[in-house]
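These are the residues of each chain, in order.
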Amino acid sequence: MTNRTVAVLVHPVREEALDEAVEFMADLHARGFGFLVFEEDVERLGARLAPEIRFEPLDHREAELAVVFGGDGTILRAAEWALPLGVPLLGVNLGHVGFLAELEQSDLHELAVVVDEKRYLVEERLVLEVEVRNAAGELTWTSPAINEVSLEKVARERMLDVMVTIDDRPLSRWGCDGVLVSTPSGSTAYGFSAGGPVIWPDVQAMLVVPLAAHALFNRPMVLSPSSKVTLDVTPELPARGIIWCDGRRSHEVADDEIIEVTQFESKLRLARLGVQPFTTRLVKKFRLPINGWRKQAEK
């Protein structure tokens, strides 16, 4: 018997995620594993698992791997715990697109064996760090961002006036709905919806996308990973801004606050079962018609 620990993190409402997690934990328990789970899942899992299957709340405990049953949203939630500990995440996609997830539901029959025998590779993804400072230079709010940080207007009827500075050099002042700073991982999420380019995940870069900017220069930009992006909302105007990181954590920007976005010191670690080209993943997840729409119309 082994004495190994795996975190099992489950979508908060999908019953099929709970069903698959329970079956997976039973299989791994037979191989001598213990488990960590979200604190709010202790009761739901406890009601379904055999009494001899031991598990504990996550807290700040480490595990050799975290298996996430859900979609990209559940993986982003799991990353808040895994990122500072360096625990790799293996996602089982039970959502819609699931770019961060590795496995589909049809692949679950061999998951316990894969985890037990460590038949996976670990790749690292760039993460952003967001720091908000007041006029005195004091840090008032900070957060990592796996996919993106978005500065958005609070009131729908008013535009934000944002000075965008790159590496301490002013770039442009935009009257806009907001500004998005994305990682390559996030380029297929909000960045893609906002008209930004798809960036292959092994590219080390940051993406800046203006959101509905009323300006002559309003194109997405791909920056060096060592760049610093500074966003300063003009305080004289009545429009207020709010920051969102991965759509999960937010901070309403005060009049004297400035936002700085840089590369985070740690990387997100994702477990992969093999070296699948990102082109293949892109075509599969977006269901791209390889031969184009014209060929389909001719059938």
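Before reading on, note that the structure itself is shown above.
For clarity, every value in this text was computed on a predicted model and none was experimentally measured.

A. Molecular detail of the overall build of the protein. Summing up its helical and strand segments, the protein has 7 helices and 20 strands in all. Taken against the 2.2 N^0.38 rule, which gives 19 Å for 299 residues, the C-alpha radius of gyration of the protein at 21 Å falls within 12% of a compact globule. Viewed in the frame of its principal axes, the protein has a C-alpha envelope of about 65 × 60 × 35 Å. For the protein, the residues scored as buried account for 49% of the 299 residues in total. Taking contacts inside the protein between residues at least 6 apart in sequence as the whole, the part at least 24 apart equals 68%. Carbon and sulfur atoms form 50% of the exposed surface of the protein, whose accessible area is close to 14,600 Å².

B. Local environment of the sheet that holds strand β15 (residues 221-223). Read from one edge to the other, the open sheet built from 6 strands follows the order β15-β14-β13-β10-β17-β18, with strand pairing classed as antiparallel. Looking along the sheet, the strands with just one partner apiece sit at the ends: β15 and β18 (249-252). The average angle at which neighbouring strand axes cross in this sheet is 15 degrees, direction not considered. Where strand β10 (residues 148-153) lies against strand β17 (residues 241-245), 5 bridges are found, and the strand directions are antiparallel.

C. Quick look at the packing of aromatic side chains. Under the definition given, this model contains 5 aromatic pairs. Centroid distance F24 to F69: 5.7 Å. Interplanar angle 55 degrees. Geometry classified as tilted. Of this pair, F24 sits in helix α1 (residues 15-29) while F69 sits in strand β4 (residues 65-70); the two residues are 45 residues apart in sequence, bridging distant segments of the chain. The buried category is assigned to F69, whose relative accessible area is 0%. On the basis of an interplanar angle of 70 degrees and a centroid distance of 4.9 Å, the ring pair of W200 and F278 is categorised as edge-to-face. Here F278 lies in helix α6 (residues 278-286) and W200 lies in the loop between α5 (190-193) and β14 (206-211), a separation of 78 residues in the sequence. Since its relative accessible area comes to 33%, W200 is described here as partly exposed. By the ring-pair criterion, three or more aromatic residues cluster together here, those being F99, F192, W200, F278 and F286. Positioned over the ring face of F38 is R77, at 3.8 Å from the centre of the ring.

D. Representation of unusual backbone geometry. The backbone of D59 shows a phi angle near 50 degrees, a positive value even though the residue is not glycine. Structurally, D59 can be placed in the loop between β3 (55-57) and β4. When its relative accessible area of 46% is taken as the criterion, D59 is described as partly exposed. In this structure, D246 is a non-glycine residue whose phi angle is positive, near 60 degrees. Topologically, D246 is positioned in the loop between β17 and β18.

E. Summary view of the side chain of E257. Position of E257 among the secondary structure elements: in the loop between β18 and β19 (258-263). Although E257 is buried, it makes no salt bridge; R240 carries the closest opposite charge, 6.9 Å away. A distance of 2.9 Å separates a polar atom in the side chain of E257 from a polar atom in the side chain of H251. At a separation of 2.9 Å, a polar atom in the side chain of E257 contacts the main-chain amide nitrogen of A254. The residues touching E257, leaving out its near neighbours within four places in the chain, are V132, R133, N134, T140, D232, H251 and E252.

Parameters at a glance
- Residues numbered from 1 in each chain as written.
- Predicted model: local features only at pLDDT ≥ 70, side-chain atom pairs only at ≥ 80, totals over all residues.
- Heavy atoms only, no water.
- Helix = DSSP H or I, 4+ residues; strand = E, 2+ residues; numbered from the N terminus.
- Rg over C-alpha atoms; globule rule 2.2 N^0.38 Å.
- Buried < 20%, exposed > 50% of the residue type's maximum accessible area, 1.4 Å probe, protein only.
- Contact = heavy atoms within 4.5 Å.
- Areas by Shrake-Rupley, 256 points an atom, 1.4 Å probe, with all protein chains shown as cover.
- Pairing = 2+ DSSP bridges.
- Axes fitted to C-alpha atoms, helices over the stretch in contact; angles between N-to-C directions.
- Phe/Tyr/Trp six-rings, centres within 6.5 Å; stacked < 30°, edge-to-face > 60°.
- Lys NZ or Arg CZ within 6 Å of the ring centre and 35° of its normal.
- Lys, Arg positive; Asp, Glu negative; His and termini not counted.
- Salt bridge = Lys/Arg side-chain N within 4 Å of Asp/Glu carboxyl O.
- Polar contact = N/O pair within 3.5 Å; in protein donor to acceptor, adjacent residues only side chain to side chain.

Everything listed here is a matter of geometry and, on its own, says nothing about what the molecule does.
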